[in-house]
Amino acid sequence: MENNEILNIKDNIIHFWLDHLEIFWTFNHEKELFEKLDFDNSNYWELEDYSFTKNEVPKYKYKIIFTKDNYSLFAYYKWDIDSNSIIKSKDKIVIYSTAFKVLNYEKIEYFLNWYFSLQKCFRFDICIDINIDINIILNEFTILKTWKEYKKSWEIETRYIWDSNKYRNKRQVIRVYNKILDIVEKHKHKLYKKYLVEDFVTRVELEIRSELAKNLPIQDIFDNEKLTCIFRNYLKKHTKIFDNENAKNISLYQKPLKKITAEQYQSTYYRNQRRKIFVWHAKSVYEMWYCPVRVLLWEWLIKDDTKKFLDVDIVDRIAEIETILKREEFYKRQKIQERRFSNYKKND
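Residues numbered from 1 in each chain as written. Predicted model: local features only at pLDDT ≥ 70, side-chain atom pairs only at ≥ 80, totals over all residues. Heavy atoms only, no water.

Enquirer: What is the right way to look at the overall build of the protein chain in this model?
Expert: The helix and strand tally for the protein chain stands at 11 helices and 11 strands. Taken over 348 residues, the protein chain has a buried fraction of 38%. (Helix = DSSP H or I, 4+ residues; strand = E, 2+ residues; numbered from the N terminus. Buried < 20%, exposed > 50% of the residue type's maximum accessible area, 1.4 Å probe, protein only.)

Enquirer: Whenever I open this one, the environment of Leu 216 confuses me. Can you help?
Expert: Of note, Leu 216 is situated in the loop between helix H6 (210-213) and helix H7 (224-235). A relative accessible area of 5% places Leu 216 in the buried class.

Enquirer: Looking at this structure, how should I read the packing of aromatic side chains?
Expert: Describing an aromatic ring pair means giving the distance of the ring centres and the angle of the ring planes. Across all of its chains, the model carries 18 aromatic pairs by this definition. Taking 6.2 Å as the distance between ring centres and 75° as the angle between the ring planes, the aromatic pair formed by Trp 25 and Phe 116 counts as edge-to-face. Note that Trp 25 is positioned in strand E1 (residues 13-27) and Phe 116 in strand E7 (residues 116-130), a separation of 91 residues in sequence. Accessibility expressed as a relative area gives 2% for Trp 25, which makes it buried. Geometrically, the ring pair formed by Tyr 76 and Phe 116 is tilted, given 5.5 Å between the ring centres and 50° between the ring planes. Residue Tyr 76 is located in strand E5 (residues 71-79), and its partner Phe 116 is located in strand E7; the two are separated by 40 residues in the primary sequence. (Phe/Tyr/Trp six-rings, centres within 6.5 Å; stacked < 30°, edge-to-face > 60°.)

Enquirer: I tried to follow the pairing of strand E10 (residues 172-178) on my own but got confused; where do I start?
Expert: Remember that side chains alternate between the two faces of the sheet whenever the strand is regular. Of all the seven residues making up E10, seven are buried; the element is thus mostly covered by neighbouring parts of the structure. Side chains Gln 172, Ile 174, Val 176 and Asn 178 of E10 all project onto a buried face; the interleaved residues Val 173, Arg 175 and Tyr 177 project onto the opposite face, where all are buried too. Note that strand E9 (residues 158-161) and E10 share four bridges and pair antiparallel. Paired with Thr 158 across the bridge in E10 is Tyr 177. Summarising the sheet, E10 and strand E11 (residues 202-208) pair through seven bridges and their orientation is antiparallel. Each bridged residue has a counterpart across the sheet, and for Asn 178 the counterpart in E11 is Thr 202. (Pairing = 2+ DSSP bridges.)

Enquirer: Explain the pattern of salt bridges to me, please; I cannot follow it from the model alone.
Expert: Tallying each qualifying case throughout the model produces 17 salt bridges. A salt bridge links Glu 207 to Arg 123; the nearest nitrogen and oxygen atoms lie 3.5 Å apart. Taken together, the residues Glu 207 in strand E11 and Arg 123 in strand E7 connect sequence positions 84 residues apart. Residue class for Glu 207 comes out buried when judged on its relative accessible area of 7%. (Salt bridge = Lys/Arg side-chain N within 4 Å of Asp/Glu carboxyl O.)

Enquirer: How should the side chain of Thr 98 be read in this particular structure?
Expert: Along the chain, Thr 98 turns up in helix H2 (residues 97-102). Overall, Thr 98 belongs to the buried group, its relative accessible area being 11%. Every residue in contact with Thr 98, bar those within four places of it in the chain, is listed here: Tyr 71, Ser 72, Leu 73, Lys 188 and Leu 191. (Contact = heavy atoms within 4.5 Å.)

Enquirer: Is there a simple way to think about helix H3 (residues 105-115) in this case?
Expert: For an α-helix, 3.6 residues make a turn, and residues three or four places apart therefore share a direction. When we look at burial in H3, the residues that qualify are Tyr 105, Ile 108, Phe 111, Leu 112 and Tyr 115. One face of H3 carries all of its buried residues, which in axial projection span an arc of 135°. The N-capping residue of H3, defined by a side-chain oxygen 3.2 Å from the backbone nitrogen of Glu 106, is Asn 104. (Arc of directions from axis to C-beta. Polar contact = N/O pair within 3.5 Å; in protein donor to acceptor, adjacent residues only side chain to side chain.)

Enquirer: Looking at this structure, how should I read the nonpolar core?
Expert: What tends to happen in soluble globular proteins is that the nonpolar side chains get buried as a cluster. Phe 66, Phe 74, Leu 112, Phe 124, Val 204 and Ile 230 are the most contacted members of the largest nonpolar core, which totals 69 residues. Formed by seven residues, the second largest nonpolar core is a distinct cluster that contains Val 57, Tyr 60, Ile 65 and Tyr 77. (Core = buried A, V, L, I, M, F, W, Y, C linked by side-chain atoms within 4.5 Å.)

Enquirer: What am I meant to see in unusual backbone geometry here?
Expert: In terms of backbone geometry, most residues other than glycine have negative phi values and most peptide bonds are trans. For Asn 70, which is not a glycine, the phi torsion comes out positive at approximately 70°. Mapping Asn 70 onto the fold places it in the loop between strand E4 (60-68) and E5. Classification of Asn 70 as exposed rests on a relative accessible area of 80%. Although it is not a glycine, His 187 sits at a positive phi angle of roughly 55°. Looking at the element boundaries, His 187 is found in the loop between helix H5 (179-185) and E11. Classification of His 187 as exposed rests on a relative accessible area of 64%.

Enquirer: Explain H7 here, please?
Expert: Look at H7: 16 Å from first C-alpha to last across 12 residues, which is about the 16 Å you get at 1.5 Å a residue. Contact partners of the buried residues in H7: E1, H3, E7, E10, E11 and H6. (Expected span 1.5 Å × (residues − 1).)

Enquirer: How should the confidence of the model for the protein chain be read in this particular structure?
Expert: Close reading of the predicted structure is inappropriate where its pLDDT is low. For the protein chain, per-residue confidence averages 81 on the pLDDT scale, and 77% of positions sit at 70 or higher. The element-level mean pLDDT for the protein chain is lowest in strand E8 (residues 148-150), coming to 57, with E11 highest at 96. (pLDDT = per-residue confidence, 0-100.)

Enquirer: Looking at this model, I keep getting lost on the side chain of Asp 182. Mind explaining?
Expert: With respect to the helices, strands and loops of the structure, Asp 182 is situated in helix H5. You can call Asp 182 buried: its relative accessible area is 11%. In this structure the side chain of Asp 182 is engaged in a polar contact, spanning 2.9 Å, whose partner is the side chain of Lys 179.

This is how it looks when you write it as structure tokens:
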């Protein structure tokens, strides 16, 4: 629905932050650390401020969950290279949304950099919490055909923009949902005490998936300024409430580089060189007041697809004219030859 006046949410923003993060990383001290542990007879260990447990998980050798104060904060997935899974993966570390509530960016970054060797980002979620009714926020979004609505109760809980299926859509998805209902359903009352005193809390969440997430430099993951620019870029097509004329938008899309073999490169090079020679000859013909297109049509060097592009009627008419001109040229040459022949006989 279109409104003439854009909703001002500036004074209603409770928080803006990362809410979930997945990165392909490798455990720096995995071998040294686990050699000292008795995986067969124990399932619980401690590491600095964290306790961790080893868990079984499909397609992976194991998953190690790091907890603090009874909250699960991180999970390290060890990929099984011998797995028969069609979809291949790597070792990865997952930072749960709870980690961003219990810890600050500095502590999370310290944990990751100390224990893991970074590679590339696989997924990250950016969210903004607003103490305005979800229906008012939704009213500021344009209605799209790809918009999906899910209900678990009588109230709207979550709305999606773009396909939420991660196998069909590997770029991004937007979620808008009632955060208070989410807190109650997931029993996160202790983490969000301040939220529960609000009448409304609406979360707008941007999930950046593998195809785009890999293009974010690792050093920018915890840069809120750049995250804001990314968030604004992917929301601007659907709502104007996050617009800021003085700030730039950042897109994570990168045009894929086409890889070609040496043979293909050489073939492409020769084709490009021939094209340049062809264009050079065409320019020479044009400078002599001839039309290179007419010359090609005269010789009937034209494909059917090109005919369709130019218009068949025009091409056929040009062909008729060229045929007439050819005949006239033929008759002129024939007459010249006849005159020369007759003059030759007279001289004899």
